[in-house]
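Inside the fold
One letter stands for each residue in the lines below.
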Amino acid sequence: MIKFRLYLNKDAEAEWLNQMAAEGWAMKRFFAGFFAFERCEKGEYVYQVDFGDRLFSVSSDYRELLQDTGIEIVQTWGYWVILRKKASEGKFELYTDVASSIGHYKKIRRMFKVVTIMEMLIMFFELYMGVAYEAVLGYAAALLLAVILVGLVNVLVRVNDIIADLEEKMTGIAKKYRGRNISAFLAVGLLLNSCSLMLMDVLPHPAKYTIQILAIVLMLVGIVRTGLGKCRTRL
């Protein structure tokens, strides 16, 4: 059986794979959003999704460590590593202490920040191609990338939430997390870029490109600030 899913949330992906295993379907491979499953006993496997240090591969030390604990590497895709273990062998946890969990999610946050910035720059390039050459395909590609960009920013916000909760658990100090508020720099950058597009037939080229460059800078700052998140101690 083959199912198509696209996940930016690794925890949601692991939850879905475990649900499929509980129904008697074990994942055996993955490619570009397509998951292939084979029949298994209901609840035979427990799945986890880890974040590796290498692209599309894992180190020999990592592989040996997993083998020693009875964990099987099902698939690597980008930096994601899909793992499973026999449910009969007991609880399956990758990060048993809070400090290692925080480090794990901070690595994920760094990766998503880099990907988000790259997506944004590519989006502006496609937008420029659409404006400069009146290419409909450039506008369509920019729109698609803008949708992906929103999804990536939402992932950054969610990961910030997780990190804040873990830090509160580790320190015992209650914090009021502000990461859910998207940075004002990002909002202003999007607004400026929209204005430059709406007025592109009115504004002279130097002014239009100056506004767009300023919009890019503001959005970059906004993405970084959103990715870092803000916490403050509750009163």
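As a reminder, the structure under discussion sits directly above these lines.
Computed from a predicted structure; not experimentally measured.

Okay, the overall build of the protein chain next. When helices and strands are counted, the protein chain shows 6 helices and 8 strands. Reading the helices (α) and strands (β) of the protein chain from amino to carboxyl end gives β-α-β-β-β-α-β-β-α-α-β-α-α-β. When burial is assessed residue by residue, the protein chain has 39% of its 235 residues classed as buried. Of the contacts made within the protein chain by residues no fewer than 6 positions apart, 63% connect residues no fewer than 24 positions apart. Accessible area for the protein chain stands at about 13500 Å²; split by element, carbon and sulfur atoms hold 61% of it.

One non-glycine residue, Ala32, adopts positive backbone phi at about 50°. Here Ala32 is to be found in the loop between strand S2 (25-31) and strand S3 (34-39). For Ala32, a relative accessible area of 36% translates into the label partly exposed. Even without a glycine there, the phi angle at Phe56 is positive, about 60°. The topology assignment puts Phe56 in the loop between strand S4 (45-51) and helix H2 (60-68).

Over its 13 residues, helix H1 (residues 10-22) runs 18 Å from end to end, which matches the ideal 18 Å to within 8%, given 1.5 Å per residue. For H1, the complete set of buried residues consists of Lys10, Glu13, Ala14, Trp16, Leu17, Met20 and Ala21. Buried positions in H1, seen along its axis, are confined to an arc of 160° and lie on one side of it. A side-chain oxygen of the first residue of H1 lies 2.9 Å from the backbone nitrogen of Asp11; this N-cap is Asn9. Downstream of H1 by one or two residues, Gly24 has phi in the positive range, about 95°.

Our next topic: the nonpolar core. By size, the foremost hydrophobic cluster in this structure holds 32 residues, and its most contacted members are Leu17, Met27, Phe35, Phe37, Tyr47, Ile82 and Phe112. Looking at this core element by element, the count peaks at 7 residues for helix H4 (residues 136-171). Every residue in contact with Tyr47, bar those within four places of it in the chain, is listed here: Ala14, Leu17, Asn18, Ala21, Ala26, Met27, Val74, Ile82, Leu83, Arg84 and Phe92.

Here we take up the pairing of strand S5 (residues 72-77). For S5 and strand S6 (residues 80-86), the ladder comprises 5 bridges, and the chain directions are antiparallel. Residue pairing in the sheet places Trp77 in a bridge with Trp80 of S6. In this antiparallel pair of consecutive strands, S5 and S6, the connection spans 2 residues, and Gly78 shows a positive phi of 65°.

So, about the sheet that holds S4. The strand order across the open sheet built from 3 strands is S4-S6-S5, with neighbouring strands paired in antiparallel fashion. Both edges of this open sheet fall to S4 and S5, since each of them pairs with a single strand only. Strand after strand, the sheet turns through a mean of 20° between neighbouring axes, direction not considered. Docked against the sheet, H1 engages S4 and S6, running at close to 165° with respect to S4.

Right, let's talk about the side chain of Lys85 for a bit. By the secondary structure assignment, Lys85 is in strand S6. In terms of polar contacts, Lys85 uses its side chain to reach the backbone carbonyl oxygen of Thr69, at 3.5 Å. Filtering out sequence-adjacent residues up to four positions away, Lys85 remains in contact with Glu44, Tyr45, Val46, Thr69, Gly70, Ile71, Lys91 and Phe92.

The rules we used
- Position numbers for residues count from 1 along each chain, tracking the sequence in the order it is written.
- In keeping with the model being predicted, local features are shown solely for residues with a pLDDT of at least 70 and side-chain atom pairs are shown and tallied solely at 80 or more, while totals for entire chains, interfaces and linings include all residues.
- The basis for every side-chain value is the complete set of heavy atoms in the structure, and neither hydrogens nor water enter the calculation.
- Note on conventions: DSSP H or I runs of at least 4 residues are helices, E runs of at least 2 residues are strands, and numbering of each starts at the N terminus.
- A 1.4 Å probe rolled over the protein chains alone gives each residue an accessible area, and that area as a share of the maximum for its type sets the label: buried under 20%, exposed over 50%, partly exposed in between.
- Throughout, a contact is declared for two residues whenever any of their heavy atoms are within 4.5 Å.
- For every accessible area listed, the method is Shrake-Rupley and the probe measures 1.4 Å; residues are considered covered only by the protein chains on display.
- Under the convention used throughout, the expected extent of a helix is 1.5 Å for every residue step, that is, one less than its residue count.
- The arc in question is the one traced by the directions running from the helix axis out to the C-beta atoms.
- Any pair of N or O atoms that falls within 3.5 Å is considered a polar contact. Within protein, one atom must be able to donate a hydrogen and the other to accept it, and sequence-neighbouring residues count only if both atoms are side-chain atoms.
- As used here, the term nonpolar core means buried Ala, Val, Leu, Ile, Met, Phe, Trp, Tyr and Cys residues forming a set that is joined through side-chain atoms within 4.5 Å.
- In this analysis, strands are considered paired if DSSP registers two or more bridges between them.
- For helices, the fitted line uses only the C-alpha atoms of the stretch in contact; every axis is such a line through C-alpha atoms, and the angle between N-to-C directions lies from 0 to 180 degrees.

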